[in-house]
Amino acid sequence: MTRGIKGARDARQTLADTRERSSAGTALAGRRHVMLGLLATLGLSLAERSIPAALASSAAPLVMGIFPRRQATLTTELYAPLAAYLGRELGREVQLVTAKDFDAFWDGVEQRRFDIVHYNQFHYVRSADKYRVIAHNEEFGTGTVAGALYVRKDSGINAIAQLRGRKIVFGGGTDAMMSYILPSYLLLEAGLKPGDYETVFSKNPPNSLISLYHGQADASGAGDILIDLPVVRNAMDTSTVTHLGMTERVLHLPWAVRKDMPQALAARIQALLVELPAREEGRAILARAEMTGFGEARDADYDPHRRIIRKVMPSIDLPR
Amino acid sequence: MRLASKFILTVAGILSVTLALNAWFFLRSQNHLLEQQLNERGRVLGHLIALISPEAILGLDFLTLNAYAREVSRQRDVVYGVIVDNDEQPLTSYVNGDDPHIRSSLGVDGPTPDHLPPPRLQTLIRELAALPDVIPIEFPIAHDGRPLGRLQVGISRAELAMQAREQLLQQFGIYAAIILFLSVAIYLVFRYSVMRPVQRLIEVSRDVGRGEFTLVPVTSGDELGRLGETFNAMTLEIQREQAKLHHQANYDSLTAQPNRMLAVERLQQEIRSAHRQQQRFALMFIDLDDFKIVNDTMGHAAGDRLLAHVSAHIRARLRDEDTLARLGGDEFLVLLPRLGQANDARDVADRLLAAVAEPVTLDGREVVVHCSIGIALYPDDGETVEALMANADNAMYQAKRPGRAPICFFTAEMNAQVHERLRLEQDLNKVIARGELQLEFQPIFRAADGAYVGAEVLLRWWHPERGFISPATFIPLAESTGQIVAIGEWVLREAGRQLRCWLDAGLAPGYLAVNLSRVQLREDLELLIREVLDTNELPPQALELEITENILLDDHQQINAVLGRLHAQGLSFSLDDFGTGYSSLSYLRRFSFDTLKIDRSFVAPLCDDAEAAALVRAIVAMAHSLALKVIAEGVETRAQMEFLRDLHCDYLQGYLLSHPLDAEHFTTFLTRCARDSLPRDSVPTFVQ
């Protein structure tokens, strides 16, 4: 079964790491999942056609790309107020787009179809030659996150070294910063290389912990705050699992703009984002996007991420 | 319970059972259908989820699997929906906390958790699947032919049961209405088409029971109509039969005239009518004289024809309003209403005498018969049916007496005689107990030498108040009341006892001749005589039984048999009062008599009347030719005795020779006979 699951995982090429904020969205989307599947597919198709159109002329609206961490419809619902806010404040239309999957989205990044883009830390590090980070997410009042390893309390495992030869389920895929790269880094730090344990992937980070709960693995790799997400708490008895270890804290999901964007515009956008908590309208927009704020971010703020990624993926070539 | 009630209960019962069965089958099939629908819905849902689940299972997407489980569990009639792996381990944790089955199984009153730990969920599912109102269904989940797990769905029958209950209630209501409607309709039809004709039949039956012959109106050609027709036919038949019975009960079949019953009824009516109208009427009793002779000599068929003729002759002399009735045998009753004078009744009686005396030709012979008529008048001779009939009968009885006119009106004296007769009857009941009877013995002597041979036993009644009462008075009375049986028994026993006494005293009493009444000639007479002989150690020859010609008239086989057996035992018989009755010579051949007794009425004129002498001579000659001995009764003169001796009459009896003697004097007589050595050679040898 593990192989099957892994096979499916490879086929999807998901950006699981960026889904850690999906708890509330998943709760809602779960109910609509089946019902709105076809509608989402239709929406994404329309979006794909809309991205080139947005970049067709400089007078065209700014295109804001959001990675498919959630369902396309939900993504639109969550971020439409923010796009409208930016467009209003900038005096220029801001067009919200997303993609049907991570491949399509990443193609958009590679082709620099987005003027403003929101994705995970690994995505940013890999596209730093095309985009410049201007802000980062603050969720639950904090702008940093850490990777963690979880085990069941009744498993008898109380040290990372005991995971040797065990099955570890990670959320999302190898692109997932918090649910794969950071826990893998933790394992490496403890002396366990990828071949020392069996790796399986769940659909997304919450499912990695739920998989552990259902006995599908001996440990779960995910973000440190995953255990407190409502979507997880609603699906399992979180008191039955515990943290086995955590990484250092690193900056949260980035917001970047094209490198060729005028500095003034980029600064204006940064300012508009960071100022949001200070305004009544901004707080509503943040709440709608299931965030608590934006923090200013510079490229250097993601050096720790680069270090960790290089450790976990030594062969990867990261642009600057 | 009334027929209509029984019928309607039966119909309602049948309808109820039929509709109940129908409802049961309907609900059963409906339940089956609903359960099928339920299964189908569960199957569709299950297949859909099973179809989309592999990706989530393979991707360890437990949130999606939970979402599936939630979607399934929240479907109507679904108790639970759980996805388990191949090891039966739940891959979902969602349970519908609002479901009553789950709440009940978990035993919680407050909010129920939406998620359960896998072991607890596994246990819960097993418990729920085992519930009787839960249908557990499983759907395999596979990918590329490789089993990944199963979707377990529990479908609740609760909704189904509720629907069934509601449907049952609806059906019950509808069927109750149908039963009520049909029952009322059937009852009304039954009442109109069945009960009404039946009720009419019942009413007409009651009418028929009361003697009112009404017919049932027949309005239909069905079974009830045919029943009505049959009933009417039966009613008419009963009516005819009743008329026939009425005629048979009230009319004499021989003469077609009213019988005694109708005569009494009409007499009753006439009494009421005469009482109201202060009128007089006459009641006549008519009895044919010597009618028995016609029957005996010409046969009963001829006698019946004679009665019919006489009846017709009488009827022809009466008015229409007069009633002629045959009371029985040769006795008629005539009722003459609205009678002016008593003499009018006499005139009618005279006419009736003449009518009866009209010659009638029977079998080629002309027969003339006379009658006696007794007349009682209302209200002079009685005001009741019983009194009038008794008095008319008495008058007729008087008219019958020898020497009386054939028409006799009832008189007060007759009533006195009747009362006298009643008194005698009452006294006769006590006569033996009081010892008022006494035997006397009149010796019988041999004519040739005057030797004593025996004696005739004569019965005497010495009434303590009225003195001597003649046998001619009380014997017929005792015969008519049956008291003669007890008296006759007493005579036989007393005669036997007396014989024993005389024999014991060394005397030679000869034989004793005892008179027998025809009433005594019963089966037990033989036993009685045997007992008398045995008790007193007497030979059969010690007794001779005297019977009269009248007894033989009956010619009854039973009498023949009794007399034959007694004669065979050695008892001798004598025919008493020969010549006074019908004197049929055939009697002498039919019975084995030993002696023939010539009545005193022939002996008395013997010396003065040549015809009487010739008759006696002929009797003696005839008897001797039949080897019969002859006793002459009533010998009172020496000339008679000499004459009889000359005729070779065998024995003599009469006052000339000896008066009847009581036992004491007869003992003296026997003693003297013994002392004087009267010729004894004819004395039976049994004298010891």
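Preceding this paragraph is the structure being described.
The numbering scheme is per chain: residues are counted from 1 as the chain's sequence reads. A letter from A marks each chain and a number from 1 marks each ligand, given out in the order of writing. It should be noted that, the model being predicted, local features are given only for residues of pLDDT at least 70 and side-chain atom pairs only at 80 or more, the latter also being counted only at that level, while totals for whole chains, interfaces and linings use all residues. Heavy atoms throughout the structure, all of them, feed into the side-chain values; hydrogens and water do not.

### Focus on the environment of P464(B)
Residues and elements named next belong to chain B. On the secondary structure map, P464 appears in the loop between β12 (452-463) and β13 (467-469). Only protein chains enter the calculation, and the probe is 1.4 Å; a residue is then buried if its accessible area is under 20% of its type maximum, exposed if over 50%, and partly exposed in between. In this structure P464 comes out as exposed when scored by relative accessible area, which is 60%. A C-alpha to C-alpha distance of 36 Å links P464 and D380, two positions 84 residues apart in sequence. A run of H or I in DSSP counts as a helix once it spans at least four residues, and a run of E counts as a strand once it spans at least two, with each numbered from the N terminus.

### Looking at the layout of surface pockets
Residues and elements named next belong to chain B. In this analysis the probe radius is 1.4 Å and the grid spacing 1 Å, with only protein atoms considered; a cavity is a set of points the probe fits into but cannot get out of, a pocket is an open set with protein on both sides within 12 Å along at least five of seven lines, and lining residues have an atom within 4 Å of a point. Grid points are joined across faces, edges and corners, and a volume is the space filled by probe spheres set on the points. Space inside the largest pocket adds up to approximately 2000 Å³. Counting only elements with at least two residues in the lining of the largest pocket, the list comes to α11 (385-400), β12, α13 (471-481), α14 (484-504), β14 (511-515), β15 (543-548), α16 (549-553) and β16 (572-578). Reported domain spans reflect what an automatic or database domain assignment gives. Mapping the lining of the largest pocket onto the domain boundaries places at least three of its residues in each of domain 3 (251-410) and domain 4 (424-676).

### Some details on the sheet that holds strand β1 (residues 78-85) of chain B
All names here are of chain B. Only when DSSP finds a minimum of two bridges between them are two strands counted as paired. Read from one edge to the other, the open sheet built from 3 strands follows the order β1-β3-β2, with strand pairing classed as antiparallel. Each end of this open sheet is capped by a strand with a single partner; those strands are β1 and β2 (134-143). Recorded for the sheet is a direction-independent mean angle of 15° between the axes of neighbouring strands. As judged from the 7 bridges shared by β1 and strand β3 (residues 146-156), these two strands associate in the antiparallel manner. Looking at β3, one finds that G81 is bridged to V153. Packed on one face of the sheet, helix α1 (residues 3-58) meets β1, β2 and β3 and runs near 30° to β2. Orientation is described by lines fitted to C-alpha atoms, with helices fitted over the stretch in contact, and by angles between N-to-C directions that extend from 0 to 180 degrees. In this description, contact between two residues means that some pair of their heavy atoms is separated by no more than 4.5 Å.

### Here we look at the sheet that holds strand β9 (residues 219-223) of chain A
Residue and element names in this part refer to chain A. Ordered by their spatial adjacency, 5 strands build an open sheet running β8-β7-β9-β6-β10, and the pairing between neighbours is mixed. Taken across any chain shown, the strands that pair with only one partner, and hence form the sheet edges, are β8 (198-202) and β10 (241-246). With strand direction ignored, the average angle separating the axes of adjacent strands in the sheet is 30°. Relative to β8, strand β7 (residues 167-171) is paired through 5 bridges, and the arrangement is parallel. By the bridge assignment for β8, I168 is matched with T199.

### Side note on unusual backbone geometry
One can expect most non-glycine residues to show negative phi and most peptide bonds to be in trans. Residue and element names in this part refer to chain B. The peptide bond linking Y378 to P379 adopts the cis configuration, its omega dihedral lying at 0°. Locating P379 in the fold gives a position in the loop between β9 (371-378) and α11. Here the phi dihedral of E537 falls at roughly 55°; this positive angle occurs in a residue that is not glycine. Overall, E537 belongs to the exposed group, its relative accessible area being 64%.

### Describing the interface of chain B and chain A
Counting from both sides, the interface comprises 25 residues of chain B and, opposite them, 26 residues of chain A. Between chain B and chain A, the buried area comes to about 2000 Å², and carbon and sulfur atoms account for 61% of it. Put simply, buried area is the surface a 1.4 Å probe can reach on two separate parts but cannot reach once they are joined, added for both. For the chain B face of the interface with chain A, the top three residues by lost area are L60(B), F62(B) and L63(B), together amounting to 31%. Whenever Lys or Arg places a side-chain nitrogen within 4 Å of a carboxyl oxygen from Asp or Glu, that contact is recorded as a salt bridge. At the boundary of chain B and chain A, one finds 0 salt bridges. Polar contact is defined as a pair of N or O atoms within 3.5 Å, subject to the rule that within protein one atom must be able to donate a hydrogen and the other to accept it, and that residues adjacent in sequence are counted only when both atoms are side-chain atoms. For the interface between chain B and chain A, the tally reads 7 residue pairs in polar contact (both at pLDDT 80 or more). At the level of elements, α1 and α2 (62-73) of chain B are the ones that each hand at least two residues to the side of chain B that touches chain A. A total of 8 residues in the side of chain B that touches chain A trace back to one element, the largest contributor, which is α2(B).

### As for the packing of aromatic side chains
For Phe, Tyr and Trp, rings pair up if their centres lie within 6.5 Å, where Trp contributes its six-membered ring, and each pair is then called stacked (planes under 30 degrees apart), edge-to-face (over 60) or tilted (otherwise). Going through the model one piece at a time under the given rule, you end up with 24 aromatic pairs over all chains. Ring geometry for F67(A) versus F105(A): centroids 6.5 Å apart, planes at 50°, classification tilted. Of this pair, F67(A) sits in the loop between β1 (62-66) and α3 (72-90) while F105(A) sits in helix α4 (residues 102-110), placing them 38 residues apart in sequence. Here the two residues F67(A) and F105(A) agree in accessibility, since each one is buried. For the pair F441(B) and W502(B), a centre-to-centre distance of 4.9 Å together with 75° between the ring planes defines the contact as edge-to-face. Of this pair, F441(B) sits in strand β11 (residues 437-446) while W502(B) sits in helix α14; the two residues are 61 residues apart in sequence, bridging distant segments of the chain. Using a relative accessible area of 1% as the deciding quantity, one classes W502(B) as buried. The ring of Y94(B) has R70(B) lying over it, and the distance from NZ or CZ to the ring centre is 5.6 Å. By definition, being over a ring means that NZ of Lys or CZ of Arg is both within 6 Å of the ring centre and within 35 degrees of the ring normal.

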